[in-house]
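Inside the fold
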Amino acid sequence: MKQSLLILGSMLTLGFPATINAEIVNVSTPNTSLILNAEKGGSLKILHYGDRLSATDLNSLSEAGASWRDAYPVYGILPQGEAAMSVTHADGNMTTDVEVTGVETKNDTDGSTVTTISMRDKVYPFDLNVNYRTYPGEDVIETWVDVKNNEKGTVKLNRFMSGYLPVRYGNVWLSQLYGSWANEGRVSETPLTHGVRMIKNKDGARNSHTSHGEIMLSLDGKPQENTGRTIGAALCYSGNYKLFIDTDDSNYHHFFAGINEENSAYNLKKGESFVTPPLALTYSDEGLSGVSRNFHRWGRNHRLHDGNKERKILLNSWEGVYFDIDEPTMAGMMEDIASMGGELFVMDDGWFGDKYPRDNDSTSLGDWVVDTDKLPNGIQSLIDTAEKNGIKFGIWIEPEMTNTVSELYEKHPEYIIKAPKRPATQGRGGTQLVLDLANPKVQDIVFQVVDTLTTKYPGIDYIKWDANAPIMDHGSQYLTADNQSHLYIDYHKGLEKTLDRIRAAHPNVTIQACASGGGRANWGILPWFDEFWTSDNNDALQRIYMQWGTSYFFPAIAMGSHISASPNHQTFRRIPVKFRADVAMSGRLGLELQPKNMTDEEKGIVKQAISDYKAIRPIVQFGDIYRLVSPYDGKGVASLMYVTPEKDDAVFYWWKTETFMNQQLPRVVMAGLNPDKTYKVTELNRIDNEPLSFEGKTFTGKYLMSNGLEIPLTHKVDYHKNSDYSSRVLRLTEVK
Ligand code: GLA
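Residues numbered from 1 in each chain as written. Predicted model: local features only at pLDDT ≥ 70, side-chain atom pairs only at ≥ 80, totals over all residues. Heavy atoms only, no water.

1. Points about the sheet that holds strand E37 (residues 727-734)
Spatial ordering of the open sheet is given by E32-E33-E34-E37-E35-E36, a layout of 6 strands whose pairing is antiparallel. Each edge of the sheet is formed by a strand with only one pairing partner; in this case those strands are strand E32 (624-629) and strand E36 (698-700). Here the strands of the sheet are splayed against their neighbours by 25° on average, with no regard to which way each runs. Sheet topology note: the strand E34 (residues 649-656)/E37 ladder contains 7 bridges and is antiparallel. For Val-651, the partnering residue across the bridge sits in E37 and is Arg-731. (Pairing = 2+ DSSP bridges. Helix = DSSP H or I, 4+ residues; strand = E, 2+ residues; numbered from the N terminus. Axes fitted to C-alpha atoms, helices over the stretch in contact; angles between N-to-C directions.)

2. Here we look at the site of the ligand
As a structural note, the neighbourhood of the ligand is formed by 13 residues, with Asp-348, Asp-349, Lys-464, Gly-517 and Asp-536 the closest of them. One of the side-chain N or O atoms of Trp-396 is found 3.1 Å from an oxygen atom in the ligand. At a separation of 2.9 Å, an oxygen atom of the ligand approaches a polar side-chain atom of Asp-466. Tallied by class, residues from the shell around the ligand come to 4 nonpolar, 3 polar and 6 charged. (Near = heavy atom within 4 Å. Polar contact = N/O pair within 3.5 Å; in protein donor to acceptor, adjacent residues only side chain to side chain. Nonpolar A, V, L, I, M, F, W, Y, C, P; charged D, E, K, R; others polar.)

3. Quick notes on the pattern of salt bridges
The tally for this structure, following the rule as stated, stands at 41 salt bridges. The closest approach of N and O atoms between Arg-133 and Asp-110, which form a salt bridge, is 4.0 Å. With Arg-133 in strand E9 (residues 126-134) and Asp-110 in the loop between strand E7 (98-107) and strand E8 (113-121), this pair connects stretches of sequence that are 23 residues apart. Assessed through its relative accessible area of 14%, Arg-133 is described here as buried. When its relative accessible area of 42% is taken as the criterion, Asp-110 is described as partly exposed. With a shortest N-O distance of 3.7 Å, Lys-716 and Glu-690 are connected by a salt bridge. Of this pair, Lys-716 sits in the loop between helix H12 (701-706) and E37 while Glu-690 is found in the loop between strand E35 (678-684) and E36, placing the two residues 26 residues apart along the sequence. Using a relative accessible area of 42% as the deciding quantity, one classes Glu-690 as partly exposed. (Salt bridge = Lys/Arg side-chain N within 4 Å of Asp/Glu carboxyl O. Buried < 20%, exposed > 50% of the residue type's maximum accessible area, 1.4 Å probe, protein only.)

4. A few points about the side chain of Arg-580
Relative to the helices and strands, Arg-580 is located in helix H10 (residues 577-584). For Arg-580, the residues in contact, after removing those within four places along its chain, are Ala-540, Ile-563, Ser-564, Ala-565, Ser-566, Ile-575, Leu-593 and Glu-602. (Contact = heavy atoms within 4.5 Å.)

5. Here we look at empty space enclosed by the protein
Within the structure shown, the criterion is met by 6 cavities of 30 Å³ or more. Elements with a contribution of two residues or more to the lining of the largest cavity: strand E3 (32-37), E9 and strand E11 (155-168). At 3 residues, the largest contribution of residues to the lining of the largest cavity is made by E11. In terms of residue class, the lining of the largest cavity is built from 10 nonpolar, 2 polar and no charged. Its boundaries defined by the atoms lining it, the second largest cavity holds a volume of some 60 Å³. Every residue along the wall of the second largest cavity is listed here: Arg-543, Ile-544, Gln-547, Trp-548, Ser-551, Met-559, Val-583, Ser-586, Leu-640, Tyr-642 and Trp-655. (1 Å grid on protein atoms, 1.4 Å probe; cavity = no way out; pocket = protein on both sides within 12 Å on 5 of 7 lines; lining within 4 Å. Points joined across faces, edges and corners; volume = space filled by probe spheres on them.)

6. A look at helix H5 (residues 378-388)
Every buried residue belonging to H5 is among Gly-378, Ile-379, Ser-381, Leu-382, Ile-383, Thr-385 and Ala-386, and all of these are buried. Contacts made by the buried residues of H5 are with helix H4 (327-339), strand E23 (344-347), strand E24 (392-397), helix H7 (440-456) and strand E27 (460-465). At the C-terminal side of H5, Gly-390 shows a positive phi close to 75°.

7. Re the nonpolar core
Core analysis: the largest hydrophobic core is formed by 123 residues, its most contacted members being Met-330, Phe-345, Met-347, Trp-351, Phe-393, Trp-465 and Tyr-653. Counting residues per element, this core draws most heavily on helix H11 (residues 600-622), which supplies 8 residues. With residues up to four places along the chain from it excluded, the contact list for Phe-345 reads Leu-315, Ser-317, Met-330, Met-333, Met-334, Ile-337, Ile-391, Lys-392, Phe-393 and Gly-394. Val-27, Ala-71, Val-100 and Ala-257 belong to the second largest nonpolar core, which has 59 residues in total. (Core = buried A, V, L, I, M, F, W, Y, C linked by side-chain atoms within 4.5 Å.)

8. Some remarks on the pairing of E3
With 6 of 6 residues buried, E3 is to be regarded as a mostly interior element. Neither face of E3 is left uncovered, since the one carrying Thr-32, Leu-34 and Leu-36 and the one carrying Ser-33, Ile-35 and Asn-37 both have all their residues buried. By the bridge criterion, 5 bridges tie strand E2 (residues 23-28) to E3 in an arrangement that is antiparallel. When the bridges of E3 are listed, Ile-24 appears paired with Asn-37. The turn joining E2 and E3, which pair antiparallel and follow one another in sequence, is formed by 3 residues. Where E3 lies against strand E4 (residues 45-51), 6 bridges are found, and the strand directions are antiparallel. Note that in E4 the partner of Ile-35 across the bridge is His-48.

9. A word on unusual backbone geometry
Here Ser-566 and Pro-567 are connected by a cis peptide whose omega angle stands at 0°. Mapping Pro-567 onto the fold places it in the loop between strand E30 (559-564) and H10. Unlike most non-glycine residues, Leu-78 shows phi in positive territory, near 50°. One can find Leu-78 in the loop between strand E5 (69-70) and strand E6 (85-88).

10. Quick word on the pairing of strand E31 (residues 588-592)
Burial runs high along E31: 5 of the 5 residues are buried. Across the two faces of E31 the burial is the same, with Arg-588, Gly-590 and Glu-592 and Leu-589 and Leu-591 all buried. Sheet analysis places strand E22 (residues 314-316) next to E31, joined by 2 bridges and oriented parallel. Among the inter-strand pairings, Leu-315 is bridged to a residue of E31, identified as Leu-591. As paired elements, E30 and E31 share 5 bridges and run parallel to each other. Residue pairing across strands places His-562 opposite Gly-590, the latter belonging to E31. On the question of chirality, the crossover connecting E30 to the parallel E31 by way of H10 is right-handed. (Right-handed = clockwise from strand over helix to strand, strands pointing away.)

This is how it looks when you write it as C-alpha cells:
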C-alpha cells in the first residue's frame, strides 16, 4: 500500500466536539499512523501513534477515551512535568507558551514528504516548528524541530529535544543497548517502572561504545522477537545524546530524545535558527525483529550511504600486522586475500609520518604523508599491486585527531581542543589530541586529508575513518568565551559540514566509520558512511552477542564482521575457523588476520566461505532479518535468518553458544518464509564428511516455520578435527 499523508479538515466533519475548531493531521505510513490535532491558536496535541488507523477509527478517535497530550511539551507554564524544550528568552523570561499558526505539507526532492506544524510563542517572536518526514513504502517517521529567534536579543536554548512520545502506561518493556569498548551492542531488557530511565552519551566525539541512541519499547510485556506491539526510536545524531523515559503519576511513560543539553546551552542570536537532529520512530506488531526490519529497510534506502550497493569482501591489515607495515608484507597480504576470493585489501594504521614515523600509537596523527622507509614506492605502487591481483585497495586514516608528536601540532597548536589556561588532556598513546572541528580551518584540514588522498590516488576505493579519542577537555580555542557551551554541538556541525564536502567531491569511495571499534554505530553518521566497524573484538562467540544487539537497529550490510586469528587477540579464545567464518558471514564479511599464518586447511575453509558468501550476499545485505533464538536467553544456541523481500531465498544461521555432553538444545523454528512456498535446503560452508540428512531436500515454508529442522549438535569430521564448536549456515531456495 502506498503511504499517504492527509490533512483532514475540521474535526466537525469527523464527529469531534463542535466546540473545538480542530485540525487533524494524519501522518501515515503503510502500516502505522501518527495522528495529531493542530488546531490554529491551540497547542499541538498527539492523539495516536501506533498501527495504521482506518477512516472509521479515525472518525471516532476523540471518543476512544484517551487524553490528548502535547506533541512537543515546552517549559515554563505548569513546569512540574518534563519538557522537550526549555529556553530563556532575550528578556530573561523562562516560560514559553506556543500556539499553532499553520500546517504545511511539502514533497522533498528525495521523494519524502514533510509535514510541518508551525508554532509561535503567544508573546514572543519565537518560532517553533515540529516536522515529520515520511518516505513512500517505509514504516518510519522522522521527527525534528527547528526554532527561530526573532526576538530583540539572544535567546538561550537550555533544552532542545528532537522529539517526544507519550506511551500509554502498562506492561511496557525497554530494550536498549549498553556495553563498552570491545563489548559493544549488549542487549538489556527491563520493564519500565516509575521514575526516570535515562540513556545518555557524553563522549563528545563518538557515541555508541557504551549506551546507544536507539531503543525499543515492547507494549505487550516481555519483548518477543516476532510478535507483540513494539515501538522503535533511533536518534540520528553523531554527538552527545540523551534519551529518557519519565514514568510519572499520569497514565503515560513520557519518552524524550535529543541532543544532550548538559553543558551545551546554545545561544541563539537574533535572527538565528537551530535545527535538531531527527528522531526516527517506527512501530510494528511483529515484535523486535519487526521493528529491526523497518529500521533496516528505511536505513538502507534513505540514510546509509550507498545503502543499496553490495559491499566487498575485504582483508584488513590491523590484527594481521598491527603497525608493522612494509611493502612486501602488504603485497603478500594482497596476494593471499585475492587467492581466497576476496575483493579488497585495506592497509590499516602505521603507513604514514615523515618527520615522525607512525610506529606506535603515540605519534604522527595529522601527518598524512606516506612513510617512505616502510613504503619506498608509495601508495600508488600498492594500488598497482592490488590491481595486479584483481582486487581494490583501501587505507586507514584518523583525520579528526593529532598527536603532540606531529608536524601538524607543531605548526598549529591552536587547532586542538583544550580549555583556556589549562594543558590539554592527552589520550591514546599518552599524546593523542582531538582537533577542534568547530573551527572552519580545522574543517578545511580534515576535508583536505581525504580530498588529497583520493584525488592523488583515484585507485583508493575504501577509507577506514577512525576516531580513537573522546573530547577530553571542555574548551575550544576557536569559540568565543561566551559560546564555550557550543563546543559539543559545533564539533558535530563542523564534522557534518566537512563530510558533506567530502561526499560532494567523492561520492563513490566506500568509507567505514570506525571509532575504537564500535563507537560510531548511529544513523546520524551513516548518511556519509557505507558501514561501521562493529567492535575491536573479533572473538566469534562474543561477536554473536554484540552483533545480535547491533542488529536491533542496524542492517548486516553496515556491520563490519571479520574472521580473525585463533587464539583471538582480545579474549584469547581458540575457535575453529569454520565457526569464525559462520559468524562473520552474518554481517559484512571480511578478514582481520595475517593469512600467512593460516594453515592450508583454514585457507580452504575461508575460500569456501567467501565463495558461499558471494552467493548469499544479496540476501544478507539486502534481506529482511528474522531473529529466532537469542544468545541472551541462555539456551545454548543462537539463531537468526535473512529472507529476501520476495521470500524466495533465505539464509539460516545456527551457532551453538556452549557445549556440554548430552545437552538439550531447542529445535529452532524458522520465521519470515512464505508458508505456501517450497524451499530446498543446502548447507553452506560445509566441513562435515557427509551431508546433513536434509541436504538437498525440500520443505514447505509452513513446515519450516512450525517445526524447523533438527540440527545435529556436532560436526561429523575426522576424529582429530572434533572441537567444542558447532555451527551451521543453511540456504533455503524456493523451488518453483
Ligand atoms: C582503532 C580501530 C582498530 C585499528 C586501530 C589502529 O583501535 O578500532 O580497528 O584501526 O585503531 O590504530
